Amino acid sequence: MADMDFDSDDERQGGDLASKVAYFLVLLKGVWYRKRYIMASMWITCALGWVAVAAMPNQYETTTQFVADTRSILKPLLEGIAVQDDPEEEIQIVSRTLLSRPNLEDIAQKTDLHLAATDENAYEGLIKNLKTAIEIKGTRGTNLYSISYRHPDPDTAKAVVELTLKKFIDTISSQSRTDTVSAKSFLDKQIEQYKERLASSESKLAQFKREHLEHLPGRDSDYYGELDSVKDELESISIQLQEYDAKISGLRGRFIPSGTESGESPEGVVSTPYDNARSDLESRLEQLRITYTDKHPNIQELLKRLAYIKEQQAESRNEILLSASRGQITGDNNGQPTAIQEFALEISKLESEKDALKARESALLNKLNTLRENLDYIPEIEKQLASLTRDYDNDKSYYNELLKRRDSAEITGSADTDTRSVKFQVMEPPMRAIKPVGPPRLLLYIAVLFFGASIGVGVAFMVSQVNPVVINNAHLERIVGKQNIIGQIVDVEHNKHRRKLWIKALIFGLSTLLLVFMLSGLVAHEVMFNQSPMMWLK
């Protein structure tokens, strides 16, 4: 039972496919019966289309190729000194902006293309077509560029390519110099502005310093730093004074009580006016004691006088030692021993240095008092000074930087003037084209024929559907339904109708062969002469 179902499905599918194929053949026969529309369409389309294609003007193409050499020996030499742009990047930018409206208008004017524009709309269309028609191609790696342009006049095509190439090279060559001049002009204006600002800042700063000279800190520190510096210096001087006092006290203590380094007493190192008198009295006393006792009046008198001399001698010695301890060596002390003189000189030197430190200490104390008195309004002065100094330093920094930039721009301009950063070598110069490169008439001739046939088939199909012709019984059944067919009659003029159909088919075939022959002639003419058949009418 299942096998019977599969068989019925296959038969049904086979019947549907056969029905579709039969219906497709019916449609083809319907188009074939209306083949006169195909023939008419082909003739009309080919007549008009082939004439239009033949009337299309020839297109002559001029192409030029050139190499942009961006290598330069100055590039490593000028590194860090002059501004160096990327030549390859410049070339890419120029190639993209070369076909600007001013350049296109200039090309149109110099090649007389503008004469063909009769009104403003035509001129706009000319500029747009020119921008599209000029092709600029290039590769960044090899720097090989090409410029091409098509036009019915070969001389015009050559002129357009030559002008475009010249503009390309001139733009690259002059762009750097133009940029350098513009940059230098801009820098000069900025330098003048900052020069005025710098002079103004310098004048304000100098005026402020003159007005607040006594309140300004030192160059290497601020006000509080100077105050701390004065305190530190006073502390250092105090320590030095203590050291000098210790040195002087130690020197006096070592000299006066113990005498000289040899251990002598002060009597041996200090000379007085009473030394000779004492010596004479002691000699006379010794002589009298040989003869008399101490109770003798003369001896008693000498002892009194000797005691007085000793007292005066001691007082004189103490005065001399006190004077020496103060570092005072007068004319009366010139006869003193060397030890006393050296002692006095050392004491005098230490006292002088100590007095100098005291004077320094006094000056610093006065300065410290002044700084403390001005401490309340010094911060505002420092703030204003810092602001003025900062403005002056900024203006000076910018001014010096602008001067460096201008020098760099001048060096760059000199380098661009003396040596070209990009050198062009034309590999293929623009030449006048001899043979046209377009339009593609071969393809257009063939396309016109197929286009006419396609239109004819479409028209024939539409007519066959609107006004169908019965092809056979199956076609009639499909149109009216099998149940509506009551019978059939025999066509007694069947042979006559078949002859008419054969004649129509022969006419259609001959007509098509004639069109194909004409197409072959057009193709042969295009291959042989590469020109339009209209050339024979000129």
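Thresholds, definitions, all that
Residues numbered from 1 in each chain as written. Predicted model: local features only at pLDDT ≥ 70, side-chain atom pairs only at ≥ 80, totals over all residues. Heavy atoms only, no water. Salt bridge = Lys/Arg side-chain N within 4 Å of Asp/Glu carboxyl O. Helix = DSSP H or I, 4+ residues; strand = E, 2+ residues; numbered from the N terminus. Buried < 20%, exposed > 50% of the residue type's maximum accessible area, 1.4 Å probe, protein only. Core = buried A, V, L, I, M, F, W, Y, C linked by side-chain atoms within 4.5 Å. Contact = heavy atoms within 4.5 Å. Patch = residues over 30% accessible without salt bridge, like charges linked within 9 Å, V, L, I, M, F, W, Y side chains within 5 Å. Areas by Shrake-Rupley, 256 points an atom, 1.4 Å probe, with all protein chains shown as cover. Lys, Arg positive; Asp, Glu negative; His and termini not counted. Charge placed at Lys NZ, Arg CZ, Asp CG, Glu CD. Pairing = 2+ DSSP bridges. Axes fitted to C-alpha atoms, helices over the stretch in contact; angles between N-to-C directions. Parallel < 35°, antiparallel > 145°, perpendicular 65-115°, else oblique. Left-handed = near helix turned anticlockwise from the far one by under 90°. Nonpolar A, V, L, I, M, F, W, Y, C, P; charged D, E, K, R; others polar. pLDDT = per-residue confidence, 0-100. Polar contact = N/O pair within 3.5 Å; in protein donor to acceptor, adjacent residues only side chain to side chain.

Participant: Looking at this structure, how should I read the pattern of salt bridges?
Facilitator: For side chains bearing opposite charge, pairing can occur when the charged atoms are close. Inspection of every chain in the model, using the stated rule, returns 13 salt bridges. Asp106 is the salt-bridge partner of Lys167, the closest N and O atoms lying 2.8 Å from each other. Of the two residues, Lys167 is situated in helix H7 (residues 154-211) and Asp106 in helix H5 (residues 101-110); the sequence distance between them amounts to 61 residues. Its relative accessible area of 17% is what places Lys167 among the buried residues. Assessed through its relative accessible area of 23%, Asp106 is described here as partly exposed. A salt bridge links Arg432 to Asp155; the shortest N-O distance between them is 2.6 Å. Placement of Arg432 in the loop between strand S4 (423-428) and helix H14 (441-466) and of Asp155 in helix H7 is noted, with a sequence separation of 277 residues between them. A residue is classified by how much of its surface remains accessible, and Asp155, at 41% relative accessible area, is partly exposed. Residues participating in the shared-partner salt-bridge network are Arg101, Glu105 and Glu124.

Participant: I tried to follow the nonpolar core on my own but got confused; where do I start?
Facilitator: Across soluble globular proteins, nonpolar side chains have a tendency to be buried as a group. Membership of the largest hydrophobic core comes to 28 residues, with the highest contact counts inside it found for Leu130, Ile134, Tyr149 and Phe168. Looking at this core, the elements with two or more residues in it are strand S1 (60-69), helix H4 (87-97), H5, helix H6 (120-133), strand S3 (144-151) and H7. For this core, the leading source of residues is H7, giving eight residues. Not counting the four nearest positions on each side in its chain, Ile134 is found in contact with Leu99, Leu104, Ile107, Ile147, Ser148, Tyr149, Val160 and Thr164.

Participant: I'm lost on the environment of Val459 in this one. Help?
Facilitator: Structurally, Val459 is set in helix H14. In sequence terms Val459 and Val31 are 428 residues apart; their C-alpha atoms lie 8.8 Å from each other.

Participant: Just checking my understanding: could you explain a positive patch on the surface for this structure?
Facilitator: A cluster of basic side chains, namely Arg36, Lys496, Arg499, Lys500 and Lys504, defines a positive patch on the protein surface. A total of four residues in the positive patch trace back to one element, the largest contributor, which is helix H16 (residues 494-529). Tracing the chain through its elements places Lys504 in helix H16.

Participant: Where do I start with the sheet that holds S4 in this structure?
Facilitator: Sheet strands pair by backbone hydrogen bonding; their relative direction is either parallel or antiparallel. Overall, antiparallel pairing links the four strands, which are arranged S2-S3-S1-S4 in an open sheet. Unpaired on one side and paired on the other, strand S2 (135-138) and S4 mark the two borders of the sheet. With strand direction ignored, the average angle separating the axes of adjacent strands in the sheet is 25 degrees. Where S1 and S3 come together, eight bridges link them in antiparallel fashion. What sits directly across from Gln65, in S3, is Ser146.

Participant: So what exactly am I meant to see when it comes to the packing of helix H2 (residues 35-55) against H14 here?
Facilitator: A pair of packed helices is captured by two measures, namely the crossing angle of their axes and the spacing between those axes. For the pair H2 and H14, interaxial distance at closest approach is 8 Å and the crossing angle is 155 degrees. In this view, H2 runs roughly antiparallel relative to H14, as classed from their interaxial angle. Seen along the crossing, H2 lies across H14 with a hand that is right-handed. Residue composition of the contact of H2 with H14, grouped by class: 18 nonpolar, five polar and one charged.

Participant: Can you help me understand the confidence of the model for the protein chain in this one?
Facilitator: Reading fine detail from the predicted coordinates is not recommended where pLDDT is low. With 71% of its residues at a pLDDT of 70 or more, the protein chain shows a mean pLDDT of 76. Every residue in residues 1-8 scores below 50 in pLDDT, and together they form zero contacts with partners more than four places removed in sequence or on other chains. Segment residues 330-336 is flagged for pLDDT under 50; beyond a separation of four residues in sequence, or across chains, it makes twelve contacts in the model.

Participant: Before we go on, may I ask you to explain the side chain of Asp395 in this structure?
Facilitator: As for its placement among the helices and strands, Asp395 is situated in helix H13 (residues 378-418). Within the structure, Asp395 has its side chain in polar contact with the side chain of Ser201 (distance 2.6 Å).

Participant: What is the right way to read a nonpolar patch on the surface from this model?
Facilitator: A contiguous nonpolar patch, built from Leu17, Val21, Phe24, Leu25 and Leu28 and spanning about 470 Å² of accessible area, is present on the exposed surface. Mapped onto the fold, Val21 is located in helix H1 (residues 2-33). Under the relative-accessibility criterion, Val21 is labelled partly exposed at 43%.

Participant: Explain the packing of H5 against H6 to me, please; I cannot follow it from the model alone.
Facilitator: Across the interface, H5 lies against H6 with an axial gap of 10 Å and an inter-helix angle of 105 degrees. Judged on the interaxial angle alone, H6 and H5 are roughly perpendicular. Residue-level inspection shows Arg101, Leu104, Glu105, Ile107, Ala108 and Gln109 of H5 in contact with H6, the latter providing Tyr123, Glu124, Ile127, Leu130 and Lys131. In terms of residue class, the contact of H5 with H6 is made up of six nonpolar, one polar and four charged.

Participant: In this structure, what is going on with unusual backbone geometry? I would like to understand it.
Facilitator: Most peptide bonds adopt trans geometry, and most residues besides glycine take a negative phi value. A cis amide bond links Gly438 with the next residue in sequence, Pro439, at an omega value of 0 degrees. Mapped onto the secondary structure, Pro439 falls in the loop between S4 and H14. The phi angle at Asp112 is positive, at roughly 65 degrees, despite the residue not being glycine. The residue Asp112 is located in the loop between H5 and H6 in this model. Its relative accessible area of 45% is what places Asp112 among the partly exposed residues. One non-glycine residue, Asn530, lies in positive phi territory at about 55 degrees. On the secondary structure map, Asn530 appears in the segment after H16.

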